[in-house]
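As a plain string of letters, each chain reads:
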Amino acid sequence: AQAETTVQIYGIVDTGIQVQNKTAGSNDGRVSMNTSNLRQSVWGLRGSEDLGNGLKAFFNLESHIAVDTGGLFGDGQGESPLFRRQANVGLSGSWGSITLGRQYGPALLAHVATEPRAFKEQFSSLYTWAYNQLESINGGGANNTNDDVGIFMKNAIQYRGSYGPVTGGILYALGEQAGDTSANSILALGLTYTGPVTLSFSHEYMKDANTGEKVVEHTGLGAAVSLGDWAFKGNFHRSDNSAEDGSRVSKVDVLGLGVDWKWNPNNMVTVAYYDARDKENRSNHTKNLVIGNETYLSKRTTLYATLAVVDADTGATGTQALRTSIVNDASFRAGSTTSFFNFGIHHNF
Amino acid sequence: AQAETTVQIYGIVDTGIQVQNKTAGSNDGRVSMNTSNLRQSVWGLRGSEDLGNGLKAFFNLESHIAVDTGGLFGDGQGESPLFRRQANVGLSGSWGSITLGRQYGPALLAHVATEPRAFKEQFSSLYTWAYNQLESINGGGANNTNDDVGIFMKNAIQYRGSYGPVTGGILYALGEQAGDTSANSILALGLTYTGPVTLSFSHEYMKDANTGEKVVEHTGLGAAVSLGDWAFKGNFHRSDNSAEDGSRVSKVDVLGLGVDWKWNPNNMVTVAYYDARDKENRSNHTKNLVIGNETYLSKRTTLYATLAVVDADTGATGTQALRTSIVNDASFRAGSTTSFFNFGIHHNF
Amino acid sequence: AQAETTVQIYGIVDTGIQVQNKTAGSNDGRVSMNTSNLRQSVWGLRGSEDLGNGLKAFFNLESHIAVDTGGLFGDGQGESPLFRRQANVGLSGSWGSITLGRQYGPALLAHVATEPRAFKEQFSSLYTWAYNQLESINGGGANNTNDDVGIFMKNAIQYRGSYGPVTGGILYALGEQAGDTSANSILALGLTYTGPVTLSFSHEYMKDANTGEKVVEHTGLGAAVSLGDWAFKGNFHRSDNSAEDGSRVSKVDVLGLGVDWKWNPNNMVTVAYYDARDKENRSNHTKNLVIGNETYLSKRTTLYATLAVVDADTGATGTQALRTSIVNDASFRAGSTTSFFNFGIHHNF
């Protein structure tokens, strides 16, 4: 009985088969197993305790796992922490919540309702979001040890709250540098307005551990509107990356437009279009069309099938390709059009 | 209440003391703590969901742990995935089951009922099975990244089903190589007939990631019969290992014969004999006698004591010794007879 | 229902903010997030089974986690085992208990009731205990692979029992060396008398893996007495470290004196003083004053605030500073006085 009230075990297992007709740098196709297509595969522990007077204590520990290989996902910094996604504790009340530890930043969370594919783990702007905030991608020594792809933050404190139709959060990650409280810090903000339309806004920046320069600046804007079985969504984010000395490395704009159609109670089609370009490197540009269907076998189990067509310009190669990729491994061919088809199963517990 | 219906936590903790009178290359004995003697130590999460019409979704996540040191077991490829043994999701029905992800192959499973010691984690042909399919043991660059000692497979799809008295499965691990769907793939098959006698058959092969040559071919045959409190078992497996270019590296034949005697309701004695030889290296040959007793304190807790005598020929040294070893670390002395005694406790939860 | 009776999931998440006015080697201060201030952050699985006649089987698997970063804590030997703290199985009865596997040694456990701050994870003699038994800190090749900071032992067997007012345990870790059962072994003993006063005693030593010399010898003595809402405590431990050849490396004496005052039902103040010195290196000496308050929001959730003032002599620098440090990262300035203030939240599940 005690276990039920104090801790919940939960998770997601999602894996499928992916077929593509070309690969990076080659006209050869490939068939692979791909974990986490619809949503990230995880296992975790969470719970909360009622402290009286509306006050609650809560915690969350969450691993990011690969169901094809059994391993942990790495963070963007060469390590694979057991609880990469969540390792935190906090207090909540009518005033909102305060969370301490490793956690989701508020910026990405603000756009879940406006991103055309709700940041699905394959074929969405989750990857342009993440890879442009990947610590190691910046040249010139840029480095922020608290940043995990602009989504998860270490050593962080977050306030979240709701004011009328607006929900949001603000997060600060402690830089932990002697003599300089600013260096290595992160500030992140995300807001969502939910009314007849849904509007989202976010901004976050990461400062270099040595120089204190902003080596990542990231801003997002989105809107969505639902009409019966239809939902229309548009989302934009800009990533501005700099070297340790503050000189610009890249400036990537990503626009996504999409529509969901719940064409029967157990099925939803999503069509989305993404344009991603690095304004500092004009030939690094992709245009992407994604058509997917989800079939709900139950609330907990979904089958999915997705087609993605990636038209990549000649500069979208090597690590540059990561900046403009909506594909998890950027395995499309530059200067060509690559088609991907994947299908699989998603199960929550 | 939710936790009970959607996820089960389970595990095995098994550890004991092992005494041996010689060690590899020395007449010095050793006393050590040995995790996983009767069965592998694990912890895991599993669950299933009824989707209606006899269809079920299921998942399994399972770690392989060392109870003597607290760490994870490595795969055969230099890594220690959190969920080395199981990380998969699938669907099942009256037609059988389909499983996607990292999983047990069907070959070993086919022989659990016919292997003289049911592939116990110490002193059984589990090790000749595993070490002859250890990715790193092959010379000449042989490499299959999906193979974990011929028992666990990454990026795999398996169908399992029962047809009358025959139960079995067929697994295919996707090679994931561009331009060649065959390279790096695994095909594995296992069948068990259960009737007045139990018969088992398996075959599996792994193809090289570069050349596509079959660098491992492995075949097993077994039979068992129960007569009251007695069960007689015989099992044979052959491992054929090749270099990347297809030239043979080793050809190991392992024969095991044994008898179980449940001499009282809470005790079972097993006597087994194993002969393991590499036909490509005739002096790599062991003859092994194992006598063990299990005392069941409950359905979940067992005490065990096992004596193993290993008579190893002169070629059973170094990594060669792994090929013909029924001992987990091949720590017997070549050209001599080494005796092992271990005892310990096994507990399921 | 089964999950409830056979396995319990439990844990601690504890994190807070730490402000300090100086750092090692600098007058620059720092603000950081610090996991595990009051107690270690962990998650674990444990359970027991009634075997009848008063006999029980039990197991425990416990991870040591960092809530600020999501990762696992390392052992003192460059690895981060999944279950660093506990990975064991055993039997218990009216005669006591026998535990096999990785486990807490009995020495530290004996002093929990007499150490002035009950070995809190920040600002206590937990660190002088641990760092003077850190495998890697010894010069001259000293090495014991079973030792994890004198607290956790691998490959260990422990008997624990109670005789009247005396509770205690004795542990032996198997050296596992061929031809020498003594080399690499650990012997640890801890006893606590609980009466009008509480008295504690412990002794443990670790032998070198190569030479069999005692490279760590550690002895502790403590006493505590409770008077109403007050508890007075005194604890002493001596760590004697040697090189592989048996020549002395350091001899560290640590004295702690403290008082707990439960000044209202939901609050307790602790004031403690620690003196730590290396008699082999007289300038490596710290004097430490710690004042902390705990506020109990519930049985499971505590807020805390702690002030620590560290007066360190000139020799307390680099790895030497670890020997005389009650601060988890020894980040005080030698030849100066450093103040630390931390506050945070502690939650059990």
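This is a predicted model, so every value here is computed, not measured. (Residues numbered from 1 in each chain as written. Chains lettered and ligands numbered in written order. Predicted model: local features only at pLDDT ≥ 70, side-chain atom pairs only at ≥ 80, totals over all residues. Heavy atoms only, no water.)

Asker: Explain the overall build of chain A to me, please; I cannot follow it from the model alone.
Answerer: Looking only at helices and strands, chain A features 4 helices and 18 strands. Overall, chain A is about 60 × 55 × 40 Å in size when its C-alpha atoms are taken along their principal axes. Burial status across chain A gives 60% buried among its 349 residues. In chain A, the proportion of contacts linking residues at least 24 apart, taken out of those at least 6 apart, comes to 56%. Accessible surface for chain A amounts to roughly 12,100 Å². Of this, 56% is attributable to carbon and sulfur atoms. In chain A, the 27 positive side-chain charges and the 33 negative ones have mean positions that sit 6 Å from each other. (Helix = DSSP H or I, 4+ residues; strand = E, 2+ residues; numbered from the N terminus. Buried < 20%, exposed > 50% of the residue type's maximum accessible area, 1.4 Å probe, protein only. Contact = heavy atoms within 4.5 Å. Areas by Shrake-Rupley, 256 points an atom, 1.4 Å probe, with all protein chains shown as cover. Lys, Arg positive; Asp, Glu negative; His and termini not counted. Charge placed at Lys NZ, Arg CZ, Asp CG, Glu CD.)

Asker: Help me out: how do you make sense of the relation of the copies chain C and chain B in this one?
Answerer: In this arrangement, two copies of a chain are superimposed by a rotation about an axis accompanied by a shift along the axis. The two copies are related by a screw operation: chain C maps onto chain B through 120° of rotation and 0.0 Å of translation along the axis, at an RMSD of 0.0 Å. Those values place the two copies in the arrangement expected of a three-fold rotation axis. (Least-squares fit on C-alpha atoms with pLDDT ≥ 70 in both.)

Asker: Just checking my understanding: could you explain the interface of chain C and chain B for this structure?
Answerer: Interfaces are often sized by the accessible area lost when the parts come together. Tallying the contact residues gives 35 residues for chain C and 33 residues for chain B. Across the chain C/chain B interface, buried area totals approximately 2,800 Å², and carbon plus sulfur atoms make up 72% of it. Scanning the region where chain C abuts chain B turns up 0 salt bridges. Between the two partners, chain C and chain B, sit 9 residue pairs in polar contact (both at pLDDT 80 or more). Here the side of chain C that touches chain B gets 5 residues from one element, more than from any other, and that element is strand β5 (residues 86–93) of chain C. (Buried area = accessible area lost by both parts, 1.4 Å probe. Salt bridge = Lys/Arg side-chain N within 4 Å of Asp/Glu carboxyl O. Polar contact = N/O pair within 3.5 Å; in protein donor to acceptor, adjacent residues only side chain to side chain.)

Asker: Looking at this structure, how should I read the environment of B:Ala224?
Answerer: Residue and element names in this part refer to chain B. Position of alanine 224 relative to the elements: it lies in strand β12 (residues 214–227). On the basis of relative accessible area, alanine 224 is assigned to the buried category, the value being 9%. Remark: the alpha-carbon pair of alanine 224 and glycine 195, spanning 29 residues in sequence, is separated by 10.0 Å. Sequence-distant contacts of alanine 224, defined by excluding residues within four places in its chain, comprise Ala113, Thr114, Val197, Thr198, Phe232 and Lys233.

Asker: Just to check I follow, could you spell out the packing of aromatic side chains for this structure?
Answerer: The description of an aromatic ring pair uses the distance of the two centres, along with the angle that the planes make with each other. Summed over all chains, the structure comprises 33 aromatic pairs over all chains. Through successive ring pairs, a cluster of aromatic residues spans A:Trp43, A:Phe83, B:Trp43, B:Phe83, C:Trp43 and C:Phe83. Above the face of the A:Tyr10 ring, A:Arg46 is positioned so that its terminal group lies 3.7 Å from the ring centre. (Phe/Tyr/Trp six-rings, centres within 6.5 Å; stacked < 30°, edge-to-face > 60°. Lys NZ or Arg CZ within 6 Å of the ring centre and 35° of its normal.)

Asker: Would you explain the pairing of strand β14 (residues 248–264) of chain C in this entry?
Answerer: Every other side chain in a regular strand lies on the same face of the sheet, so the side chains alternate between the two faces. All names here are of chain C. Where strand β13 (residues 230–242) lies against β14, 13 bridges are found, and the strand directions are antiparallel. From the neighbouring strand, serine 242 faces β14, where its bridge partner is arginine 248. Linking two consecutive strands that pair antiparallel, namely β13 and β14, is a turn of 5 residues; a positive phi of about 95° is found at glycine 246 within it. One ladder, built from 11 bridges, connects β14 with strand β15 (residues 267–278); its direction is antiparallel. Opposite glycine 258, over in β15, you have alanine 272 as the bridge partner. Where β14 folds back onto β15 in an antiparallel hairpin, the turn is made up of 2 residues. (Pairing = 2+ DSSP bridges.)

Asker: Any chance you could explain a nonpolar patch on the surface here in plain terms?
Answerer: Residues and elements named next belong to chain A. Together, Val19, Leu255, Leu257, Val271, Tyr273, Leu289, Ile291, Leu307, Phe341 and Phe343 give the surface a local cluster of nonpolar side chains, amounting to about 770 Å² of exposed area. For the nonpolar patch, the elements supplying multiple residues, two or more each, are β14 (248–264), β15 (267–278), β16 (285–296) and β18 (336–348). Note on leucine 257: relative accessible area 45%, which makes it partly exposed. (Patch = residues over 30% accessible without salt bridge, like charges linked within 9 Å, V, L, I, M, F, W, Y side chains within 5 Å.)

Asker: Even after reading the chapter, I still don't get unusual backbone geometry, so can you show me in this structure?
Answerer: Note: most peptide bonds trans; most residues except glycine with negative phi. Despite not being glycine, B:Glu176 shows a phi value in the positive range, around 65°. At C:Phe119, a residue that is not glycine, the phi angle is positive and equals roughly 55°. Along the chain, C:Phe119 turns up in the loop between α2 (106–110) and α3 (126–131). Among the residues examined, C:Phe119 registers a relative accessible area of 4% and is labelled buried.

Asker: Which parts of the structure should I look at to understand the interface of chain A and chain C?
Answerer: Taken together, the contacts link 34 residues of chain A with 33 residues of chain C. Contact between chain A and chain C buries roughly 2,800 Å² in total, counting both sides, with carbon and sulfur atoms accounting for 72%. Taken together, the connections running from chain A to chain C amount to 0 salt bridges. The interface formed by chain A and chain C contains 9 residue pairs in polar contact (both at pLDDT 80 or more). Those elements that place two or more of their residues in the side of chain A that touches chain C are α1 (2–6), β3 (42–52), β4 (55–64), β5 (86–93), β6 (96–104) and β8 (152–163) of chain A. Per element, the largest residue contribution to the side of chain A that touches chain C is 5 residues, and it comes from β5(A). Each residue belonging to the side of chain A that touches chain C can be placed in one class, and the counts come to 20 nonpolar, 9 polar and 5 charged. (Nonpolar A, V, L, I, M, F, W, Y, C, P; charged D, E, K, R; others polar.)

Asker: Even after reading the chapter, I still don't get the environment of B:Thr128, so can you show me in this structure?
Answerer: Residue and element names in this part refer to chain B. Mapped onto the elements, threonine 128 comes out in helix α3 (residues 126–131). Along the backbone, threonine 128 and isoleucine 326 are 198 residues apart, and their C-alpha atoms lie at a distance of 6.2 Å. Contacts of threonine 128, omitting those with residues within four sequence positions, involve His237, Ser239, Val254, Ala276, Arg323, Thr324 and Ser325.

Asker: What exactly am I supposed to notice about the relation of the copies chain A and chain C here?
Answerer: The operation relating chain A to chain C is a screw motion whose rotation component is 120°, with 0.0 Å of axial translation and a residual RMSD of 0.0 Å. Different-surface contact between copies: only 12% of interface residues of chain A are shared with the interface of chain C.

Asker: What am I meant to see in the pattern of salt bridges here?
Answerer: It is possible for side chains of opposite charge to pair when their charged atoms get near one another. On inspection of all chains with the given rule, the structure shows 33 salt bridges over all chains. Notably, a salt bridge pairs B:Asp253 with B:Lys279, separated by 3.1 Å at the nearest N-O pair. Of this pair, B:Asp253 sits in strand β14 (residues 248–264) while B:Lys279 sits in the loop between β15 (267–278) and β16 (285–296), and the two are 26 residues apart along the sequence. On the accessibility criterion, B:Lys279 (31% relative accessible area) is partly exposed. Across the salt bridge formed by C:Arg248 and C:Asp240, the nearest N and O atoms sit 2.9 Å from each other. Assessed through its relative accessible area of 40%, C:Arg248 is described here as partly exposed. Residue classification places C:Asp240 among the buried positions, given a relative accessible area of 14%.

Asker: Help me understand the environment of A:Glu115, please; the structure alone is not making it clear to me.
Answerer: All names here are of chain A. Structurally, the position occupied by glutamate 115 is in the loop between α2 (106–110) and α3 (126–131). Taking the relative accessible area as the measure of exposure, glutamate 115 reaches 0% and is therefore buried. Sequence separation of glutamate 115 and aspartate 229 is 114 residues, and the distance between their C-alpha atoms is 17 Å. With residues up to four places along the chain from it excluded, the contact list for glutamate 115 reads Ser124, Ser125, Lys233, Asn235 and Tyr274. Polar contacts involving the side chain of glutamate 115 include one to the side chain of serine 125, which spans 2.5 Å.

Asker: In this structure, what is going on with the side chain of C:Ser239? I would like to understand it.
Answerer: Residues and elements named next belong to chain C. For serine 239, the location among the structural elements is in strand β13. At 3.4 Å, the side chain of serine 239 forms a polar contact with the side chain of histidine 218. With residues up to four places along the chain from it excluded, the contact list for serine 239 reads Thr128, Asn132, Glu217, His218, Ser250, Lys251 and Val252.

Asker: Hey, could you run me through the pairing of strand β10 (residues 186–194) of chain A in this one?
Answerer: All names here are of chain A. Looking at chain direction, strand β9 (residues 166–173) and β10 are connected through 8 bridges and run antiparallel. In the sheet register, isoleucine 170 faces β10, and the bridge partner there is leucine 189. Relative to strand β11 (residues 197–207), β10 is paired through 9 bridges, and the arrangement is antiparallel. Along β11, the bridge assignment pairs leucine 191 with phenylalanine 201. In textbook terms, the turn of a hairpin is the stretch between consecutive antiparallel strands, and for β10 and β11 this stretch comprises 2 residues.

Note that every value here comes from positions in space, so none of it alone points to a role or purpose.
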